[in-house]
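This is what each chain is made of:
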Amino acid sequence: MKRITELWFLSFAICSVLLCGTIGCGIFGKGKLESGGAYTGNVTNAPAPELYAIDATFSLVHSALTGVFDYERNNRQALWVISPNIKKALDRIRVEASAAKLQFAKARTAYKSNPTPANLSAVNTALAKLQRAQAAALVVIPLKGH
Amino acid sequence: MPLTIIAWMNAVQGLLLIAPNVEKFATQVRQWIADMFAAGLITAETQDILMARVDEICAATLAGQELDSWKVEPDPV
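This write-up is about the structure you can find in this document. (Residues numbered from 1 in each chain as written. Chains lettered and ligands numbered in written order. Predicted model: local features only at pLDDT ≥ 70, side-chain atom pairs only at ≥ 80, totals over all residues. Heavy atoms only, no water.)

## Quick word on the overall build of chain A
Keep this limit in mind: Helix and strand labels come from DSSP, where a helix needs a run of H or I of at least four residues and a strand needs a run of E of at least two; each type is numbered from the N terminus. Residues are treated as being in contact if the distance between any of their heavy atoms lies within 4.5 Å. The Shrake-Rupley method, run with a 1.4 Å probe sphere, supplies the accessible areas, and residue values consider only the shown protein chains as cover.
Regarding its fold elements, chain A presents 6 helices and 1 strand. When its helices and strands are written in sequence order, chain A yields α-β-α-α-α-α-α. If you take every contact in chain A between residues at least 6 apart in sequence, the share linking residues at least 24 apart comes to 69%. Of the roughly 6,400 Å² of accessible surface on chain A, 61% is carried by carbon and sulfur atoms.

Now the structure itself:
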(Lines give C-alpha, C1' and ligand atoms only; values in the text may rest on other atoms or scores of the structure.)
Protein backbone atom coordinates (compact mmCIF):
# COMPACT_ATOMS: atom_id res chain seq x y z
CA MET A 1 0.00 0.00 0.00
CA LYS A 2 2.81 2.40 0.92
CA ARG A 3 4.52 1.51 -2.34
CA ILE A 4 1.37 2.40 -4.28
CA THR A 5 1.12 5.70 -2.45
CA GLU A 6 4.74 6.50 -3.20
CA LEU A 7 4.32 5.64 -6.87
CA TRP A 8 1.15 7.70 -7.07
CA PHE A 9 2.82 10.75 -5.59
CA LEU A 10 5.85 10.38 -7.82
CA SER A 11 3.61 10.11 -10.88
CA PHE A 12 1.62 13.07 -9.66
CA ALA A 13 4.80 15.08 -9.16
CA ILE A 14 6.17 14.28 -12.59
CA CYS A 15 2.86 15.05 -14.27
CA SER A 16 2.50 18.34 -12.44
CA VAL A 17 5.97 19.55 -13.31
CA LEU A 18 5.58 18.54 -16.96
CA LEU A 19 2.13 20.06 -17.26
CA CYS A 20 3.10 23.34 -15.65
CA GLY A 21 6.06 23.54 -17.98
CA THR A 22 4.00 22.86 -21.07
CA ILE A 23 1.16 25.24 -20.32
CA GLY A 24 3.24 28.17 -21.45
CA CYS A 25 4.45 26.31 -24.55
CA GLY A 26 0.86 25.59 -25.53
CA ILE A 27 -0.17 29.20 -25.13
CA PHE A 28 2.72 30.75 -27.00
CA GLY A 29 3.15 27.98 -29.55
CA LYS A 30 -0.29 27.17 -30.85
CA GLY A 31 -3.14 28.14 -28.56
CA LYS A 32 -5.14 31.25 -29.28
CA LEU A 33 -7.27 33.27 -26.93
CA GLU A 34 -10.82 33.67 -28.18
CA SER A 35 -11.86 37.30 -28.31
CA GLY A 36 -14.38 38.37 -25.72
CA GLY A 37 -12.72 36.39 -22.96
CA ALA A 38 -11.34 37.70 -19.72
CA TYR A 39 -7.77 37.73 -21.08
CA THR A 40 -8.42 39.62 -24.28
CA GLY A 41 -8.71 43.13 -22.98
CA ASN A 42 -12.19 43.32 -21.52
CA VAL A 43 -11.19 42.87 -17.92
CA THR A 44 -7.51 43.68 -17.75
CA ASN A 45 -5.02 45.81 -19.63
CA ALA A 46 -2.25 43.27 -19.08
CA PRO A 47 -0.92 41.44 -22.18
CA ALA A 48 -3.25 38.48 -22.68
CA PRO A 49 -0.92 35.53 -23.37
CA GLU A 50 1.43 36.41 -20.53
CA LEU A 51 -1.31 36.81 -17.94
CA TYR A 52 -3.12 33.70 -19.15
CA ALA A 53 0.07 31.63 -18.88
CA ILE A 54 0.72 33.00 -15.41
CA ASP A 55 -2.81 32.32 -14.20
CA ALA A 56 -2.98 28.85 -15.75
CA THR A 57 0.32 27.91 -14.14
CA PHE A 58 -0.70 29.39 -10.80
CA SER A 59 -4.01 27.55 -10.87
CA LEU A 60 -2.30 24.22 -11.50
CA VAL A 61 0.37 24.83 -8.88
CA HIS A 62 -2.23 25.90 -6.33
CA SER A 63 -4.35 22.82 -7.04
CA ALA A 64 -1.34 20.53 -6.72
CA LEU A 65 -0.25 22.10 -3.43
CA THR A 66 -3.79 21.96 -2.06
CA GLY A 67 -4.01 18.32 -3.09
CA VAL A 68 -0.88 17.42 -1.13
CA PHE A 69 -1.86 19.51 1.90
CA ASP A 70 -5.38 18.05 1.88
CA TYR A 71 -4.05 14.51 1.57
CA GLU A 72 -1.71 14.97 4.53
CA ARG A 73 -4.39 16.66 6.64
CA ASN A 74 -6.99 13.99 5.87
CA ASN A 75 -4.54 11.18 6.66
CA ARG A 76 -2.52 12.90 9.36
CA GLN A 77 -2.70 10.22 12.02
CA ALA A 78 -1.63 7.46 9.65
CA LEU A 79 1.17 9.51 8.11
CA TRP A 80 2.34 10.60 11.55
CA VAL A 81 2.82 6.94 12.46
CA ILE A 82 4.81 6.36 9.26
CA SER A 83 7.00 9.39 9.96
CA PRO A 84 6.46 12.63 11.93
CA ASN A 85 8.88 14.25 9.50
CA ILE A 86 6.17 14.23 6.83
CA LYS A 87 4.01 16.76 8.68
CA LYS A 88 7.03 18.75 9.85
CA ALA A 89 8.37 19.05 6.31
CA LEU A 90 4.97 19.96 4.89
CA ASP A 91 4.46 22.53 7.65
CA ARG A 92 7.65 24.27 6.55
CA ILE A 93 6.40 24.21 2.96
CA ARG A 94 2.99 25.51 4.09
CA VAL A 95 4.67 28.59 5.55
CA GLU A 96 6.78 29.17 2.44
CA ALA A 97 3.87 28.55 0.07
CA SER A 98 1.53 30.87 1.96
CA ALA A 99 4.11 33.64 1.87
CA ALA A 100 4.73 33.07 -1.83
CA LYS A 101 1.00 33.08 -2.55
CA LEU A 102 0.60 36.42 -0.78
CA GLN A 103 3.55 37.78 -2.74
CA PHE A 104 1.98 36.45 -5.95
CA ALA A 105 -1.40 38.01 -5.18
CA LYS A 106 0.16 41.42 -4.57
CA ALA A 107 2.37 41.22 -7.65
CA ARG A 108 -0.47 40.02 -9.90
CA THR A 109 -2.72 42.85 -8.73
CA ALA A 110 0.02 45.34 -9.54
CA TYR A 111 0.67 43.75 -12.94
CA LYS A 112 -3.01 43.76 -13.92
CA SER A 113 -3.32 47.47 -13.24
CA ASN A 114 0.12 48.38 -14.57
CA PRO A 115 1.56 45.74 -16.93
CA THR A 116 5.19 46.80 -16.98
CA PRO A 117 8.14 44.42 -17.45
CA ALA A 118 9.16 45.04 -13.85
CA ASN A 119 5.73 44.03 -12.56
CA LEU A 120 5.71 40.99 -14.84
CA SER A 121 9.07 39.98 -13.42
CA ALA A 122 7.72 40.33 -9.89
CA VAL A 123 4.79 38.04 -10.71
CA ASN A 124 7.06 35.44 -12.26
CA THR A 125 9.40 35.58 -9.27
CA ALA A 126 6.54 34.85 -6.88
CA LEU A 127 5.23 32.13 -9.19
CA ALA A 128 8.66 30.48 -9.29
CA LYS A 129 8.67 30.33 -5.49
CA LEU A 130 5.29 28.61 -5.56
CA GLN A 131 6.53 26.14 -8.17
CA ARG A 132 9.54 25.32 -5.99
CA ALA A 133 7.23 24.78 -3.02
CA GLN A 134 5.05 22.53 -5.17
CA ALA A 135 8.01 20.47 -6.33
CA ALA A 136 9.21 20.10 -2.75
CA ALA A 137 5.75 19.22 -1.42
CA LEU A 138 5.14 16.50 -3.95
CA VAL A 139 8.14 14.44 -2.87
CA VAL A 140 7.69 14.80 0.90
CA ILE A 141 5.46 11.76 1.32
CA PRO A 142 7.45 9.40 -0.95
CA LEU A 143 10.63 10.42 0.87
CA LYS A 144 8.91 10.26 4.27
CA GLY A 145 9.80 13.86 5.02
CA HIS A 146 13.55 13.52 4.46
CA MET B 1 6.66 16.81 -33.55
CA PRO B 2 3.06 17.88 -32.79
CA LEU B 3 1.97 14.23 -32.90
CA THR B 4 4.70 13.39 -30.44
CA ILE B 5 3.50 16.12 -28.13
CA ILE B 6 -0.10 14.97 -28.40
CA ALA B 7 0.87 11.36 -27.73
CA TRP B 8 2.93 12.46 -24.77
CA MET B 9 0.09 14.55 -23.38
CA ASN B 10 -2.29 11.60 -23.83
CA ALA B 11 0.07 9.52 -21.73
CA VAL B 12 0.05 12.18 -19.05
CA GLN B 13 -3.74 12.30 -19.19
CA GLY B 14 -3.80 8.55 -18.76
CA LEU B 15 -1.70 8.80 -15.64
CA LEU B 16 -3.97 11.47 -14.27
CA LEU B 17 -7.03 9.37 -14.96
CA ILE B 18 -5.81 6.61 -12.67
CA ALA B 19 -4.81 8.97 -9.88
CA PRO B 20 -7.32 9.07 -7.02
CA ASN B 21 -8.20 12.17 -5.00
CA VAL B 22 -7.32 14.60 -7.76
CA GLU B 23 -10.51 14.64 -9.80
CA LYS B 24 -10.75 18.42 -9.76
CA PHE B 25 -7.12 18.85 -10.73
CA ALA B 26 -7.37 16.26 -13.47
CA THR B 27 -10.54 17.83 -14.86
CA GLN B 28 -8.86 21.21 -15.09
CA VAL B 29 -5.85 19.71 -16.80
CA ARG B 30 -7.92 17.80 -19.32
CA GLN B 31 -9.93 20.91 -20.11
CA TRP B 32 -6.81 22.99 -20.70
CA ILE B 33 -5.16 20.31 -22.77
CA ALA B 34 -8.29 19.98 -24.87
CA ASP B 35 -8.42 23.73 -25.32
CA MET B 36 -4.79 24.24 -26.18
CA PHE B 37 -3.78 21.16 -28.10
CA ALA B 38 -6.96 19.89 -29.72
CA ALA B 39 -8.97 22.92 -30.73
CA GLY B 40 -6.03 25.32 -30.63
CA LEU B 41 -8.37 27.91 -29.18
CA ILE B 42 -8.90 28.88 -25.57
CA THR B 43 -12.56 29.76 -25.37
CA ALA B 44 -13.88 32.89 -23.74
CA GLU B 45 -15.71 30.73 -21.22
CA THR B 46 -12.51 28.94 -20.21
CA GLN B 47 -10.74 32.27 -19.87
CA ASP B 48 -13.52 33.66 -17.70
CA ILE B 49 -13.48 30.61 -15.43
CA LEU B 50 -9.73 30.79 -14.96
CA MET B 51 -9.72 34.53 -14.35
CA ALA B 52 -12.54 34.20 -11.78
CA ARG B 53 -10.76 31.36 -9.99
CA VAL B 54 -7.42 33.13 -9.72
CA ASP B 55 -9.08 36.43 -8.80
CA GLU B 56 -10.97 34.65 -6.03
CA ILE B 57 -7.86 32.98 -4.63
CA CYS B 58 -5.87 36.22 -4.76
CA ALA B 59 -8.66 38.25 -3.15
CA ALA B 60 -8.96 35.74 -0.32
CA THR B 61 -5.20 35.71 0.15
CA LEU B 62 -5.00 39.50 0.26
CA ALA B 63 -7.85 39.48 2.79
CA GLY B 64 -5.86 37.17 5.03
CA GLN B 65 -8.01 34.11 4.40
CA GLU B 66 -6.41 30.72 3.97
CA LEU B 67 -7.60 27.19 3.29
CA ASP B 68 -7.54 24.99 6.39
CA SER B 69 -5.15 22.51 4.83
CA TRP B 70 -2.66 25.33 4.12
CA LYS B 71 -2.53 26.31 7.81
CA VAL B 72 0.07 24.94 10.19
CA GLU B 73 -1.81 23.00 12.87
CA PRO B 74 -0.62 21.35 16.08
CA ASP B 75 1.09 18.00 15.81
CA PRO B 76 -0.99 14.91 16.61
CA VAL B 77 -0.61 13.57 20.15
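## Here's the deal with the pattern of salt bridges
The criterion, for reference: By salt bridge we mean one thing: a side-chain nitrogen of Lys or Arg within 4 Å of a carboxyl oxygen of Asp or Glu.
According to the stated counting rule, one finds 13 salt bridges over all chains in the structure shown. Among the ionic pairs, Arg73 of chain A bridges to Glu73 of chain B, the shortest N-O distance being 2.9 Å. Highlighted residues: Arg73 of chain A in helix H3 (residues 48-74) and Glu73 of chain B in the segment after helix H3 (44-62), drawn from two different chains. In this structure, Lys101 of chain A engages Glu66 of chain B in a salt bridge whose closest nitrogen and oxygen atoms are separated by 2.7 Å. Of this pair, Lys101 of chain A sits in helix H5 (residues 84-113) while Glu66 of chain B sits in the segment after H3, placing the two residues on different chains. In this structure, a network of salt bridges that share partners links the residues Glu72, Arg73, Arg76, Lys87, Lys88, Asp91 and Arg94 of chain A together with Glu73 and Asp75 of chain B.

## With respect to the environment of Ala136 of chain A
Mapped onto the elements, Ala136 of chain A comes out in helix H6 (residues 117-138). Counting along the chain gives 43 residues from Ala136 of chain A to Ile93 of chain A, while the straight-line C-alpha distance between them is 7.6 Å.

## Focus: H3 of chain B
Residue and element names in this part refer to chain B. Selection criterion: Expected span of a helix: the number of residues minus one, times 1.5 Å. For every residue, the accessible area (1.4 Å probe, protein chains only) is compared with the maximum for its type, and the residue is labelled buried under 20%, exposed over 50%, or partly exposed between those bounds.
Here H3 is 19 residues long and its end C-alpha atoms lie 26 Å apart, about the 27 Å a rise of 1.5 Å per residue gives. Those residues of H3 that fall on the buried side of the exposure criterion are Ala44, Thr46, Gln47, Leu50, Met51, Arg53, Val54, Ile57, Cys58 and Thr61. Directly beyond the C-terminal end of H3, a positive phi value near 85° is found at Gly64.

## Remarks on the side chain of Glu72 of chain A
Tracing the sequence through the fold places Glu72 of chain A in helix H3. Discounting chain neighbours no more than four positions away, the residues touching Glu72 of chain A are Leu79, Ile86, Lys87, Leu90 and Arg94 of chain A.

## Quick word on the side chain of Ser59 of chain A
What counts is decided by this rule: N or O atoms closer than or at 3.5 Å make up a polar contact, with two conditions inside protein: a donor-capable atom paired with an acceptor-capable one, and, for residues adjacent in sequence, both atoms drawn from side chains.
For Ser59 of chain A, the position within the fold is in helix H3. Residue classification places Ser59 of chain A among the buried residues on the basis of a relative accessible area of 0%. A polar atom in the side chain of Ser59 of chain A sits 2.6 Å from the side chain of Arg53 of chain B.

Treat this as a map of the structure, not an account of what it does.
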